[in-house]
Amino acid sequence: MSLGYAEKLSFIEDVGNVGMAEFFDPSHVFQEKVERLARMIQKSKHMVVFTGAGISTSCGIPDFRGPKGIWTLQRQGKALPEASLPFHRATPSTTHMALVEFEKAGILKFLISQNVDGLHLRSGIPREKLSELHGDSFMEQCPSCGAEYVRDFEIETIGLKETTRRCSKAGCGAKLRDTVLDWEDALPPKEMDPAAKHCKMADLVLCLGTRMTHLALKKCSFSSTFKILVVNNGLIASLAIWYPAIVIREFANYSCMQFAPKMPKGWWEDHNCESPDMPFNFQKTPKDKKASLVIHGRVDEVMTGVMGMLNMRIPPFIRIDLFQIIITQALSLDKKYVNWTLRIASVHGKQAPLPFIKSVEVSFTESLSMKAAVLYDQPLHLKRRTARSTKHLDVFLTLQFSAGCKCTHADLKIPVDFEIPTDSLKEEKDSIIEKLKERAVREACCGQTAVVERRGILVPKSEVIVHAIITNIILYGDSLEASSLSNGLLKRRNEGLMDSGICWKRTKGRKRTSRHRR
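Quick caveat: nothing in here was measured; it's all calculated off a predicted structure.

Thresholds, definitions, all that
- Residues numbered from 1 in each chain as written.
- Predicted model: local features only at pLDDT ≥ 70, side-chain atom pairs only at ≥ 80, totals over all residues.
- Heavy atoms only, no water.
- Salt bridge = Lys/Arg side-chain N within 4 Å of Asp/Glu carboxyl O.
- Buried < 20%, exposed > 50% of the residue type's maximum accessible area, 1.4 Å probe, protein only.
- Helix = DSSP H or I, 4+ residues; strand = E, 2+ residues; numbered from the N terminus.
- Expected span 1.5 Å × (residues − 1).
- Contact = heavy atoms within 4.5 Å.
- UniProt positions renumbered as here; feature names shortened; annotations may be inferred.
- Polar contact = N/O pair within 3.5 Å; in protein donor to acceptor, adjacent residues only side chain to side chain.
- Core = buried A, V, L, I, M, F, W, Y, C linked by side-chain atoms within 4.5 Å.
- Disulfide = S-S within 2.5 Å.
- Pairing = 2+ DSSP bridges.
- Axes fitted to C-alpha atoms, helices over the stretch in contact; angles between N-to-C directions.

> Sorry, what's going on with the pattern of salt bridges here?
A side chain with one charge can pair with a side chain of the opposite charge if their charged atoms come near. One pass over the full model with this rule turns up 16 salt bridges. K33 is paired through a salt bridge with D25; the nearest N and O atoms lie 3.3 Å apart. Here K33 and D25 have matching classes, each one buried. The partner of K129 in a salt bridge is E103, with the nearest N and O atoms 3.0 Å apart. Of this pair, K129 sits in the loop between α5 (119-123) and β3 (130-132) while E103 sits in helix α4 (residues 94-104); the two residues are 26 residues apart in sequence, bridging distant segments of the chain.

Next up, the structure:
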């Protein structure tokens, strides 16, 4: 998680157990268990995945309770860990992208996350198949109409507070709020209800990077064939399978997910289940006594091995950022010149930051002898004037990227003819972006750009051009070759198995609120 996020949380003295010991399985045991896990995934009909902070530690985001977690070091009186890159530039791990491939193949039906880093959405998990229980540091929501806005910068507040921006939906305009919960905020029904629905339908729940101490899945029940696999602690994977029932009890002052207590003699046999007697974890969890399979290993290695066993490839991650170039013009008082302003702005608003741009070098058609400039301070804008007789000029931009981008800069040529288009041209955005991604993979580099929207504004006289740009590309390698476990056991499932969709409407009737713990 982000150090900034931890600092924004309200103070709480007791944060629970931290800095617990970690364990690894011997290589031959590890291989055998990963093979078993792959077979279980193969047999599943409705797999749900639950993720915690541990799956993002390999992305350079410190966790809270790990050996080098934020709260662990605080308790030890040591300096806090430093993030290896800006929070907004964190990129999905092998595990994140493996889950994307599971979803595309119809294996993963729903994903529930405690994380606020936004990496599941950024990796490509559809919003309708994702519950972010604790919110998203990069998302704002309209409390009036429910519209969601995913930003490329970290929202400045947490605790469901009002931000400085308003809803852009026609007829709304309400002040937006952040979506990240503070300690005492209730879990939102919009996230809880679909999570509860899919847990009830699940025959397999894979838990990654969480100690399972704060699953606040309210009022859920599970089928008698339900299994849980837990992969805990990001760099390390702990996988557990619990048979068969997890009981969610709702009390006036109790909101935690409560696992079934020790069952009477013969209970497991009566329910046609194995007795849970084989705990596993990278770190031990409170639920190990109910585990029938434990894998101690690095979570990315576990997922790479599983993908190899399933004959599936981990897709590349390609990050696309959007920005807009706005050229505004007006005649001088003597009508001899055109005064114009060039702005390089965020698509989230003229005053919103462009976190991936460090500076912009601006130059012009050489014959016009116009002074070049370097823009450092945001909002990025430059004022110039040309003779009214000038009918055309070219503006050359070199965007210097900030830390965390895979390339240092990108060059653009912007033709300016001072004719404002009367009609808006909105390109097929999805199609253009897909072609841009294909080009990035083919060329194995970033910095490519494409225009996705162009429109004119009559007052003030302006032209707005929205660009998409590739700022990151990560190739995770061929999981079939990388995994020594691959033996062709499983084949990719047909696209026809894709889930048809999830209802996100709130259920009627009043429900008790749930409180969450991290």
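Moving on, there is more to tell.
> Even after reading the chapter, I still don't get helix α6 (residues 189-201), so can you show me in this structure?
Side chains that are three or four residues apart share a direction in an α-helix, a result of its 3.6 residues per turn. Under the 1.5 Å per step criterion, the end-to-end length of α6 is 18 Å for 13 residues, consistent within 8% with the ideal 18 Å. Buried residues along α6 sit in contact with β1 (47-51), β2 (108-113), β3 and β5 (148-150).

> What's the story with the UniProt feature "active site" (unreviewed entry) in the protein chain in this structure? I'm lost.
When the UniProt feature table is mapped onto this chain, "active site" (unreviewed entry) is found at H134. Tracing the backbone shows H134 in the loop between β3 and β4 (139-141). Judged by relative accessible area, H134 falls into the buried class, the value being 3%. A polar contact of 3.2 Å, which involves the side chain of H134, links it to the backbone oxygen of Q114.

> Looking at this structure, I do not really get the nonpolar core. What am I missing?
Nonpolar side chains in soluble globular proteins generally cluster together in the buried interior. Ranked by size, the top nonpolar core spans 44 residues in total, and within it W340, I344, V395 and L397 carry the most contacts. Broken down by element, the residue count for this core peaks at six residues, all from strand β19 (residues 462-474).

> Help me understand the state of the cysteines, please; the structure alone is not making it clear to me.
Each disulfide consists of one covalent bond between the sulfur atoms belonging to two cysteines. Tallied over the entire structure, the rule returns zero disulfides. Summary of cysteine pairing: C167 is not part of a disulfide, and the nearest cysteine sulfur, belonging to C145, is at 3.6 Å. Since its relative accessible area comes to 6%, C167 is described here as buried. Here C172 stays free of any disulfide, with the sulfur of C142 as its closest cysteine sulfur at 3.5 Å.

> What am I meant to see in α4 here?
A large share of α4 lies buried, amounting to 10 of its 11 residues. Turning to α4, its buried residues number three or more, namely T94, T95, H96, M97, A98, L99, V100, E101, F102 and E103. Just beyond α4, the residue with positive phi is G106, at close to 85°.

> Looking at this structure, how should I read the pairing of strand β7 (residues 175-178)?
Working note: regular strand, side chains alternate between the two faces of the sheet. Residues L176 and D178 point to one face of β7 and are all buried, whereas K175 and R177, pointing to the other face, are not buried. With two bridges joining them, β4 and β7 adopt antiparallel strand pairing. When the sheet's bridge partners are listed, Q141 is paired in β7 with R177. Where strand β6 (residues 162-166) meets β7, two bridges bridge the pair, whose relative direction is antiparallel. The residue of β7 that forms the bridge with E162 is R177.

> Looking at this structure, I do not really get the sheet that holds strand β12 (residues 357-364). What am I missing?
Strand pairing within a sheet occurs via backbone hydrogen bonds; the two strands may be parallel or antiparallel. Taking strand neighbours across the sheet as the criterion, the four strands line up as β13-β12-β15-β16 in an open arrangement whose pairing is antiparallel. Of all strands in the sheet, those with a lone pairing partner are β13 (373-375) and β16 (409-416), marking the two edges. Sheet twist, expressed as the mean angle between neighbouring strand axes with direction ignored, is 20°. Bridge count between β12 and β13: three bridges; the pairing is antiparallel. Directly across from E361, in β13, lies its bridge partner V374.

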